[in-house]
Amino acid sequence: MNKSFYVTTPIYYVNGLPHIGHAYTTIAADCLARHKRQRGFDVYFLTGTDEHGQKILKAAEEKGLTPLAFVDQIIPRFKEAWKKLEISYDDFIRTTEPRHIQAVQYFLQKLLDQGDLYLGQYKGLYCVPCEVFWTEKQAVGGLCPDCHRSVEVIKESNYFFQLSKYQDWLLKYIEEHPDFIAPESRRNEVLSFLKENKLEDLCISRPQARMSWGIPLPFSPDHVTYVWFDALINYLSALGFPKDEEKLNKFWPSVVHLMAKDILRQHTVFWPIMLKAVGLNPPNKIFAHGWWQVGEEKMSKSRGNVVNPLDLIDEFGIDVCRYFLLREVPFGLDGVFSKDALIKRFNGDLANDLGNLVYRTLTMDEKYFDSKIPLLHEESLDAFARQELLPKIKNIPCKIDEALERLDFITALESIWGLIGAANKYIEVTKPWNLKKENKIKELENFIAILIEVLRVIARELLPFMPQTASKITAQIGSEHVKKGDPLFPRIVEEKK
RNA sequence: CGCGGGGUGGAGCAGCCUGGUAGCUCGCGAGGCUCAUAACCUUGAGGUCGGCCGUUCAAAUCGGUCCCCCGCAACCA
């Protein structure tokens, strides 16, 4: 049986349209999924949408729609975006689907039955017009931070989940599993949080009367499930929890959860404890990546500086966007997005290094051998090819495996670009135009043959990162004859102003 | 003294754990080559490694202290 690999994005909250942050997480997950498939793993790649909660209800009311009608209208926009980005997900889960609702209700019932839930009083500062609870620190001077009207103390009866019961277990687990939470700075953040605070019990319900848009508690018609409790379970319901034991055993817990850093705590504190409570292992890895900033500010809808990923694709193509997002900034750190930076990457890495290497190689093969691909004779290769090209060709897959294990997309890509650089240098060192003049056909044949082999390796290893480009290169090379087309990445010449 | 991350040539980063010629990418200067998308290859200029004090034969790297920037500080997705 093949090894299995499960990768998830968060389920995106659909009170808005997909933006570059959503695309970033999803592209990263897609890259990992494609890579593992290529290496022979059985892969399950899950994405989806989070459709319950206060904000959805409000957004729907503003549009005069029922919540379900509202989300039904948004979901296609996400699916279209992922289709356009050629995201190779295996499953798209919606929290309004029966399979998910059943899983959540089973989960809740089990917790209740084993005594992990209790009915208590939720007390909080509530802003009635905004319909939002605030903490004491947030509501400075008893005022709502949003609308600046005064908040009221509200008490309501709700169900609670006793997190603190599992706190010591979680702390120990994180300490004993250094790779569980990444990057390390985030891991430290969670550790210090757990060491310095006693976990409060998590309020996992909302009164149906105040907030109706959620999954009903199976044991209380007066309550619906708190959205986060509902949402996290999606990672299990997509595996057929609790019924499909075969699928569950196959893919759990060999999972990597990807997300932006703002939802780290829910995934590293609530989620492992929830799993522990129902007798499942924590996920293998939880990775929180950074935010993209436009100019100086964090990208957000309210600031109106959102970069629409679909517009970018129209302008530059899928692969260029994928390459830029994965190559420009270490996964885990914040980055600054700008078109200038993207164009720089395009011209430098893609046009000059990769595109030009492919094009000049194909041109030479066309000129010297009428596009026929000569046979490679490894034993008679020159010193440079043996020392600089062959070892790289051999090592790249392993280097990429290691790098992607750490979600280090940059190092993985750099290993490919190391080969591209060596090949460009090889052409310079070998001076094939001289070989041609001197009629050294054998040498010339081997020279072209090894370069084409290099292109094959590049195309193969680039596939998870730039699927379209990889197929284009493969198609250009063919098996016996090359088919030189247009340059892969025509240089972008910026207009003078 | 809440916890954590960071301040390295014009820009963005690596190096720091395991002290000993400060490295990479981009940009800029010069040269080479012509198969190629003014691309490619070689080479040069440019750094008090945030400030100060200390340990040491020797500190970007260890210790102390100060300054500045950025995260986290929970039930809001």
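Thresholds, definitions, all that
- Residues numbered from 1 in each chain as written.
- Chains lettered and ligands numbered in written order.
- Predicted model: local features only at pLDDT ≥ 70, side-chain atom pairs only at ≥ 80, totals over all residues.
- Heavy atoms only, no water.
- Helix = DSSP H or I, 4+ residues; strand = E, 2+ residues; numbered from the N terminus.
- Buried < 20%, exposed > 50% of the residue type's maximum accessible area, 1.4 Å probe, protein only.
- Contact = heavy atoms within 4.5 Å.
- Areas by Shrake-Rupley, 256 points an atom, 1.4 Å probe, with all protein chains shown as cover.
- Pairing = 2+ DSSP bridges.
- Near = heavy atom within 4 Å.
- Polar contact = N/O pair within 3.5 Å; in protein donor to acceptor, adjacent residues only side chain to side chain.
- Nonpolar A, V, L, I, M, F, W, Y, C, P; charged D, E, K, R; others polar.
- pLDDT = per-residue confidence, 0-100.
- Right-handed = clockwise from strand over helix to strand, strands pointing away.
- Disulfide = S-S within 2.5 Å.

1. Things to note about the overall build of chain A
Item 1. The helix and strand inventory of chain A stands at 18 helices and 16 strands.
Item 2. Along the longest, intermediate and shortest principal axes, the C-alpha atoms of chain A span 90 × 55 × 40 Å.
Item 3. Every one of the 497 residues in chain A was classed for burial, and the buried ones make up 54%.
Item 4. Within chain A, contacts between residues separated by at least 24 positions form 76% of all contacts whose residues are at least 6 apart in sequence.
Item 5. Here chain A has roughly 22,900 Å² of accessible surface; of this, 50% comes from carbon and sulfur atoms.

2. Some words on the side chain of N347
Item 1. On the secondary structure map, N347 appears in helix 13 (residues 339-369).
Item 2. Setting aside residues no more than four positions away along its own chain, N347 makes contact with N352, R491 and I492.

3. Things to note about the sheet that holds strand 2 (residues 42-50)
Item 1. Strand order across the open sheet formed by six strands is 3-2-1-12-13-7, with parallel pairing between neighbours. Every interior strand has two partners, whereas the edge strands, strand 3 (91-94) and strand 7 (181-182), have only one.
Item 2. Here strand 1 (residues 4-13) runs beside strand 12 (residues 255-260); their pairing, made up of three bridges, is parallel. Looking at the pairing, T8 lines up with H257 of strand 12.

4. Describing the protein's contact with RNA strand B
Item 1. The environment of RNA strand B is formed by 45 residues, the closest being T135, E200, L202, W228 and N356.
Item 2. Restricting attention to atoms of RNA strand B within 4 Å of the protein, one finds that 69% of them are sugar or phosphate atoms.
Item 3. A distance of 3.3 Å separates a sugar or linking oxygen of RNA strand B from a polar side-chain atom of K367.
Item 4. Between a phosphate oxygen of RNA strand B and a side-chain N or O atom of W433, the distance comes to 3.5 Å.
Item 5. Going through the elements one at a time, helix 2 (54-62), helix 6 (184-196), strand 8 (202-203), helix 7 (227-232), helix 13 and helix 15 (409-430) are the ones with two or more residues in the surface near RNA strand B.
Item 6. Looking at which element gives the most residues to the surface near RNA strand B, the answer is helix 13, with 12 residues.
Item 7. The class makeup of the residues in the surface near RNA strand B is 19 nonpolar, nine polar and 17 charged.

5. Concerning the confidence of the model for chain A
A low pLDDT means the predicted coordinates there should not be read in detail.
Item 1. Per-residue confidence for chain A gives a mean pLDDT of 90, with 96% of residues at or over 70.
Item 2. Note on residues 296-304: pLDDT under 50 across the span, and 18 contacts to partners over four residues away in sequence or across chains.
Item 3. This complex was scored by the predictor with a pTM of 0.93 and an ipTM of 0.89.

6. Quick word on the pairing of strand 13 (residues 285-289)
Item 1. Extensive coverage of strand 13 is indicated by the burial of five of its five residues.
Item 2. In strand 13, alternate side chains face the same way, and those of K285, F287 and H289 on one face and I286 and A288 on the other are all buried.
Item 3. Direction of pairing for strand 12 relative to strand 13: parallel, over a ladder of five bridges. Note on strand 13: the bridge partner recorded for H257 is I286.
Item 4. Read as a crossover between parallel neighbours, the route from strand 12 over helix 10 (residues 264-277) to strand 13 is right-handed.

7. Side note on the state of the cysteines
Item 1. Per the stated rule, a full pass over the model turns up zero disulfides.
Item 2. The closest cysteine sulfur to the non-disulfide-bonded C321 is located on C31, 15 Å from its own sulfur.
Item 3. A residue is classified by how much of its surface remains accessible, and C321, at 6% relative accessible area, is buried.

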